[in-house]
Amino acid sequence: MKVNLMSTKSRNYFLDNYKALLILLVVIGHFIEPCYTNNVFLTILKWVIFSFHMPAFIFISGYFSKKDMGLEKLIQKLVIPYFVFELLYYFLYVLVIHKETGLYFNRPKFSLWYLMSLFFWRIITPYFRKIPGNLVIAIILGLLVGFTQLGNFFSIPRTLFFYPFFLAGCYFREDWFKTVWAHWKGFTAGLGTLAGLLGGWVLVTGQKLSPLIFYGRYSYADTDLSNSQGPFVRLLCYGISFLAIFAVCSIIPRKQHFYSILGVRTMSIYLFHGLVYSLLKDGHILEQVDTSVETGLLLGFCVLLTFALAAKQPYRFVTWISSFPIRFPKRPCKSKKTAI
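S.K.: Talk me through the overall build of the protein chain; I want residue IDs and the actual numbers.
M.R.: Within the protein chain, the secondary structure is distributed over 13 helices and 0 strands. The N-to-C order of helical and strand elements in the protein chain reads α-α-α-α-α-α-α-α-α-α-α-α-α. Taking 20 Å as the expected radius of gyration for a compact globule of 340 residues, we find that the protein chain reaches 21 Å, a close match to that expectation. Overall size of the protein chain, expressed as C-alpha extent along the three principal axes, is 85 × 50 × 50 Å. For the protein chain, with 340 residues in total, the buried portion stands at 47%. Counting only contacts in the protein chain whose residues sit at least 6 apart along the sequence, the fraction spanning at least 24 positions is 80%.

Structure follows, in structure tokens:
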């Protein structure tokens, strides 16, 4: 039976549903951060989420970034929301939470690194793609940045670490999804093999690992890996994430559902959920989640919050701040002298 990826001519509900799952996992992944070591289920959930959710999100961002976007449009869609929410986070931290912080626009707060990285990816990709073997080079850069101690400065570590996923998304074609669906068992088997290889290496060496290896922000030293272990583990992380992106495709519905709207309004959910998280974390509520009932309540809250932040008001606000007209002054045209 021939499957039509596009449910309608105007919307790709498969990718809407995939983004809906991913944005929900973004919210859950952040809200279980203070308590994921409290029980086995949350620990496993944390590993599963961070092994693929941001790589998949960035891969889809790359898929939708095939067309070049002018600098004015990029500033409008990414830079202005970045500055607005940097200010919102700053005032929340200082006036409400009373957390010591500064207005560091070169060090993104919470999840705003994604806007900064996406801006850089959109700027450099048209030029980077002209370099032969650019995807391999991007992976090498992602491995090399693990040796540095740049911290959160201009989100450079994450920008380089996640860039292969964005670049791969740019190359990916719509009809290739049919191949992915047809071979999902192979991707799942490969995923299990690499995950087993990483787990086996941990058992043999006794090396302790945490989900931080998938964050992209931390150096090899920050994750207690030597300079020889770090690239090996990070390369495995790349393989696990890429295979997971395609393995998960098999469980994503291809028709419109009530939750498809979440995939359309991911930006409002992404930008606002961190403000709610910061308030709850400051109240030391999240770190107390331990029992099965508390875990279920927290996950249910994350689902409700995700839908709430996809409502018209948050969505309209993000749309509004992303619509400020940006116009660069045009250079005056030099009049040509006519020969007499």
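S.K.: Talk me through the nonpolar core; I want residue IDs and the actual numbers.
M.R.: Core analysis: the biggest nonpolar cluster contains 98 residues, and Tyr 18, Ile 32, Met 54, Ile 58, Phe 85, Tyr 114 and Trp 121 have the highest contact counts within it. With 12 residues, helix H2 (residues 40–63) is the single largest residue contributor to this core.

S.K.: I'd like a description of the packing of H2 against helix H6 (residues 156–171), backed by residues and values.
M.R.: With their axes 6 Å apart at the nearest point, H2 and H6 run at an angle of 40° to one another. Between H2 and H6, the crossing angle belongs to the class labelled oblique. The element H2 and its partner H6 pack so that their crossing is right-handed. Between H2 and H6, the residues in contact are Met 54, Pro 55, Ile 58, Phe 59, Ser 61, Gly 62 and Tyr 63 and Phe 162, Phe 165, Phe 166, Ala 168, Gly 169 and Cys 170, respectively.

S.K.: Outline the environment of Glu 100, listing residues and values.
M.R.: With respect to the helices and strands, the residue Glu 100 is situated in the loop between helix H3 (71–97) and helix H4 (113–128). For the pair formed by Glu 100 and Ala 308, sequence separation is 208 residues and the distance between their alpha carbons is 29 Å.

S.K.: I'd like a rundown of helix H8 (residues 184–205), residues and numbers included.
M.R.: Under the 1.5 Å per step criterion, the end-to-end length of H8 is 32 Å for 22 residues, consistent within 8% with the ideal 32 Å. Of the positions making up H8, those classed as buried are Gly 190, Leu 198 and Trp 201. The buried residues of H8 occupy one face: seen down the axis, they fall within an arc of 70°. Relative to its buried face, H8 has exposed residues pointing more than 90 degrees away, namely Lys 185, Leu 203 and Val 204. Residues of H8 that are buried make contact with helix H9 (229–247).

S.K.: Outline empty space enclosed by the protein, listing residues and values.
M.R.: Across all of its chains, the model carries 1 cavity of 30 Å³ or more by this definition. Roughly 60 Å³ of internal volume is contained in the largest cavity. Around the largest cavity, the lining residues are Leu 212, Ile 213, Tyr 218, Ser 219, Tyr 220, Thr 223, Leu 225, Gly 230, Val 233, Arg 234 and Cys 237. Counted by class, the lining of the largest cavity contains 7 nonpolar, 3 polar and 1 charged residues.

Calculation notes
Residues numbered from 1 in each chain as written. Predicted model: local features only at pLDDT ≥ 70, side-chain atom pairs only at ≥ 80, totals over all residues. Heavy atoms only, no water. Helix = DSSP H or I, 4+ residues; strand = E, 2+ residues; numbered from the N terminus. Rg over C-alpha atoms; globule rule 2.2 N^0.38 Å. Buried < 20%, exposed > 50% of the residue type's maximum accessible area, 1.4 Å probe, protein only. Contact = heavy atoms within 4.5 Å. Core = buried A, V, L, I, M, F, W, Y, C linked by side-chain atoms within 4.5 Å. Axes fitted to C-alpha atoms, helices over the stretch in contact; angles between N-to-C directions. Parallel < 35°, antiparallel > 145°, perpendicular 65-115°, else oblique. Left-handed = near helix turned anticlockwise from the far one by under 90°. Expected span 1.5 Å × (residues − 1). Arc of directions from axis to C-beta. 1 Å grid on protein atoms, 1.4 Å probe; cavity = no way out; pocket = protein on both sides within 12 Å on 5 of 7 lines; lining within 4 Å. Points joined across faces, edges and corners; volume = space filled by probe spheres on them. Nonpolar A, V, L, I, M, F, W, Y, C, P; charged D, E, K, R; others polar.

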